[in-house]
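Architecture and fold: a report
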Amino acid sequence: MESDTKRINLKREVGLIGCISFIAGTVIGSGIFISPQFVLAAIGSPGASLIIWTLCGFISMLAGLCYAELGTVIPESGGEFIYILRTAGKVVAFMFSFSFIVVMRPASATGVALSFAEYVVAPFYSGCTPPILAVKCIAAAAILGLTAVNCLSVRLAVRIQVVSMVFKLVALAVIILGGVVMLFQGHTENFEEPFENTKADVSSIGIAFYQGLWSFEGWNTLNPEVNLPRAVVIAISLVTGLYLLVNVSYLTVMTPKELMSSSAVAVTWGNKVLGSWGWTMSVAAALSAFGSLNGTFFSGGRVCFVAAREGHLPDILAMAHVRRLTPSPALIFTTVVSLLVLIPGDFQSIVNFFSFTAWFFYGITLSGLVYLKIKKPELPRPYKVPIILPVLVIIVAIFLVLAPILDNPQIEYLYVSLFILSGAIVYVPFIHFKLCPGLLTKLTVFLQLFLEVAPTEKNL
């Protein structure tokens, strides 16, 4: 108990600068190096794409502020799973954990791995599209390599994060400075008719938001103990400003057509601005994506642990290696599913399906906050937001879920929807009635011995 008290006190002592650094470092990932061309392709014009990026930052900020209150009302680890469990009940919480473990987390890892692979192969296929097989093989190698790292050594995984963060910030600084220099030299032709060819249909707007919001993922992982509301506002504002400057730099150097046709936009930018040194942008962007993929594996076990503790997932997913203290079963499971997703998937479709699923559950989570505000106003709230904020984010979530379906329906979204709903079907026999407990127990014991893992006393 004494050690727990010290731990909590240390978290509360984190200052404003520390909070801002934590939030910005969590949000800034590989997305800004690969999503801009997909945002522009979806929405059609440079001016509209910059508006989409601004709105993505604003939405992320509002959602982060709402999560800050939710985290103080329900001060338990587990993120969306525990929030949904305490407000919407066990069935919906299981639907989230089922979708998170089987779809959202592997899809996130696969999307980042593909962006890493695109930048690795880009210098070798200058001026043409790299072979899909080569890209997917490198992505698979990255997934397997980082799984091994995170299973074997927490210390090495942390070092990879630090190194990748340095390269990420250097790359973004170079892109912004290069764009500023080009602007001062008068290269503004791509902004003369900024809204020409804008696509205003609901589906195009929804897909553009999917791709833009992918680059802001991480706002929902903030710890309420260190999360000062003004730090959320400042950090997300800084990230949004940074993303806007990067996009302006891309559009200053490249025409919209060049940007949309590039498979590795930072490399294309580097070749035009840095000349023979353009390959350095490939290295920096690849290392940034590698660090983001490492972070996905490093921090993604929380829901596994909490859901297994509540009896919603097999116990084996909440176990850790007896000597290395790493969540190897959860990592191995994520790796297997990620490789399966990688086989048929491409970056754009993976991000779209991830965002569709994620915002479905973000809407449910924030509906829980509205419920608590109305039905349980007496609960202690160190921090409050006006009820209009979660309502606005819920409206955005509804739009993002329905937009691709109503305007331009695709059978893939029906499959994803059916999969999400199938969680309720799986819950009844296997969780509520606990069918086949003997088989599951034998499998758990076998995997424990084979993987050398044991139950944990607390979340890793």
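Conventions used here
- Residues numbered from 1 in each chain as written.
- Predicted model: local features only at pLDDT ≥ 70, side-chain atom pairs only at ≥ 80, totals over all residues.
- Heavy atoms only, no water.
- Helix = DSSP H or I, 4+ residues; strand = E, 2+ residues; numbered from the N terminus.
- Rg over C-alpha atoms; globule rule 2.2 N^0.38 Å.
- Buried < 20%, exposed > 50% of the residue type's maximum accessible area, 1.4 Å probe, protein only.
- Areas by Shrake-Rupley, 256 points an atom, 1.4 Å probe, with all protein chains shown as cover.
- 1 Å grid on protein atoms, 1.4 Å probe; cavity = no way out; pocket = protein on both sides within 12 Å on 5 of 7 lines; lining within 4 Å.
- Points joined across faces, edges and corners; volume = space filled by probe spheres on them.
- Nonpolar A, V, L, I, M, F, W, Y, C, P; charged D, E, K, R; others polar.
- Lys, Arg positive; Asp, Glu negative; His and termini not counted.
- Salt bridge = Lys/Arg side-chain N within 4 Å of Asp/Glu carboxyl O.
- Contact = heavy atoms within 4.5 Å.
- Core = buried A, V, L, I, M, F, W, Y, C linked by side-chain atoms within 4.5 Å.
- pLDDT = per-residue confidence, 0-100.
- Patch = residues over 30% accessible without salt bridge, like charges linked within 9 Å, V, L, I, M, F, W, Y side chains within 5 Å.
- Charge placed at Lys NZ, Arg CZ, Asp CG, Glu CD.
- Axes fitted to C-alpha atoms, helices over the stretch in contact; angles between N-to-C directions.
- Parallel < 35°, antiparallel > 145°, perpendicular 65-115°, else oblique.
- Left-handed = near helix turned anticlockwise from the far one by under 90°.
- Disulfide = S-S within 2.5 Å.

Quick word on the overall build of the protein chain
Within the protein chain, the secondary structure is distributed over 19 helices and 2 strands. Relative to the compact-globule value of 23 Å for 460 residues, the protein chain shows a C-alpha radius of gyration of 22 Å, a close match. Put simply, the protein chain has 460 residues, and 51% of those count as buried. Counting every atom, the protein chain has about 20500 Å² of accessible surface; 70% of that belongs to carbon and sulfur.

Section: empty space enclosed by the protein
Overall, the coordinates contain 2 cavities of 30 Å³ or more when judged by the stated rule. Size it by volume and the second largest cavity reaches roughly 30 Å³. As for the second largest cavity, its lining consists of Pro-36, Leu-40, Ser-49, Asn-247, Leu-251 and Leu-259. In terms of residue class, the lining of the second largest cavity is built from 4 nonpolar, 2 polar and no charged.

Notes on helix H5 (residues 80-87)
Counting buried residues in H5 gives 6 out of 8 residues, a clear majority hidden from the surface. Of the positions making up H5, those classed as buried are Glu-80, Phe-81, Ile-82, Tyr-83, Ile-84 and Leu-85. Positioned one or two residues after H5, Gly-89 has a phi angle of 105 degrees, which is positive.

A word on the layout of surface pockets
Counted as a void, the second largest pocket has a volume near 830 Å³. Taken together, 31 residues make up the lining of the second largest pocket; nearest its centre are Leu-313, Pro-314, Asp-315, Ile-431 and Leu-440. Contributing elements (two or more residues each) for the lining of the second largest pocket: helix H6 (90-121), helix H15 (328-342), helix H18 (411-432) and helix H19 (437-451). Considering each element in turn, the lining of the second largest pocket owes the most residues, 10 residues, to H19.

A short note on the side chain of Glu-118
When you line up the elements, Glu-118 lands in helix H6. For the buried Glu-118, no salt bridge is present, and the opposite-charge side chain at shortest range is Lys-136, 9.7 Å distant. When sequence neighbours within four positions are dropped, the list of residues in contact with Glu-118 reads Ile-34, Pro-130, Val-135, Ser-263 and Ala-264.

Focus: the nonpolar core
The biggest cluster of nonpolar side chains holds 136 residues, and the ones touching the most others in it are Phe-33, Tyr-119, Tyr-250, Leu-293 and Trp-359. At 15 residues, H6 tops the list of elements feeding residues into this core.

Focus: the confidence of the model for the protein chain
Looking at the protein chain, the pLDDT average stands at 84 and 92% of residues meet or exceed 70. In the model, residues 1-13 has pLDDT below 50 throughout and makes 5 contacts with residues more than four positions away in sequence or in other chains.

Focus on a negative patch on the surface
A cluster of acidic side chains, namely Glu-189, Glu-192, Glu-193 and Glu-196, defines a negative patch on the protein surface. Locating Glu-193 in the fold gives a position in the loop between helix H8 (154-184) and helix H9 (202-214).

A word on the packing of helix H4 (residues 46-73) against helix H17 (residues 388-407)
The geometry of H4 relative to H17 is characterised by a closest axis approach of 9 Å and an angle of 130 degrees between their N-to-C directions. Considered as vectors, H4 and H17 are oriented oblique to each other. Two packed elements cross with a definite hand, and for H4 against H17 that hand is left-handed. Between H4 and H17, the residues in contact are Ile-59, Leu-62, Ala-63 and Cys-66 and Leu-389, Pro-390, Val-393 and Val-396, respectively. Residue composition of the contact of H4 with H17, by class: 8 nonpolar, no polar and no charged.

Overview of the pattern of salt bridges
As enumerated under the stated definition, the model contains 5 salt bridges in all. Through salt bridges that share partners, Glu-69, Lys-373 and Arg-381 make up one connected network.

Comments concerning the state of the cysteines
All told, the structure shown has 0 disulfides when counted by the stated rule. Looking at the unpaired Cys-56, the closest cysteine sulfur is the one in Cys-66, lying at 16 Å. Residue Cys-56 is classed as buried on the basis of its relative accessible area, which comes to 0%.

Here's the deal with a nonpolar patch on the surface
A cluster of nonpolar side chains, namely Val-154, Val-158, Val-162, Val-163, Val-166, Phe-167, Val-170, Val-174, Trp-277, Trp-279, Val-283 and Phe-298, defines an oily patch on the protein surface of about 1000 Å² accessible area. Of all the secondary-structure elements, those providing two or more residues to the nonpolar patch are H8 and helix H13 (279-299). Among the elements that line the nonpolar patch, the one with the most residues is H8, at 8 residues. Summarising the element assignment, Trp-279 is placed in helix H13.

Focus: the packing of helix H7 (residues 132-152) against H8
At a minimum axis distance of 6 Å, the contact between H7 and H8 shows a crossing angle of 125 degrees. Taken together, the axes of H7 and H8 are oblique relative to one another. Contact residues: Leu-146, Val-149, Asn-150 and Leu-152 in H7; Val-154, Leu-156, Ala-157 and Ile-160 in H8. Its residues assigned to classes, the contact of H7 with H8 shows 7 nonpolar, 1 polar and no charged.

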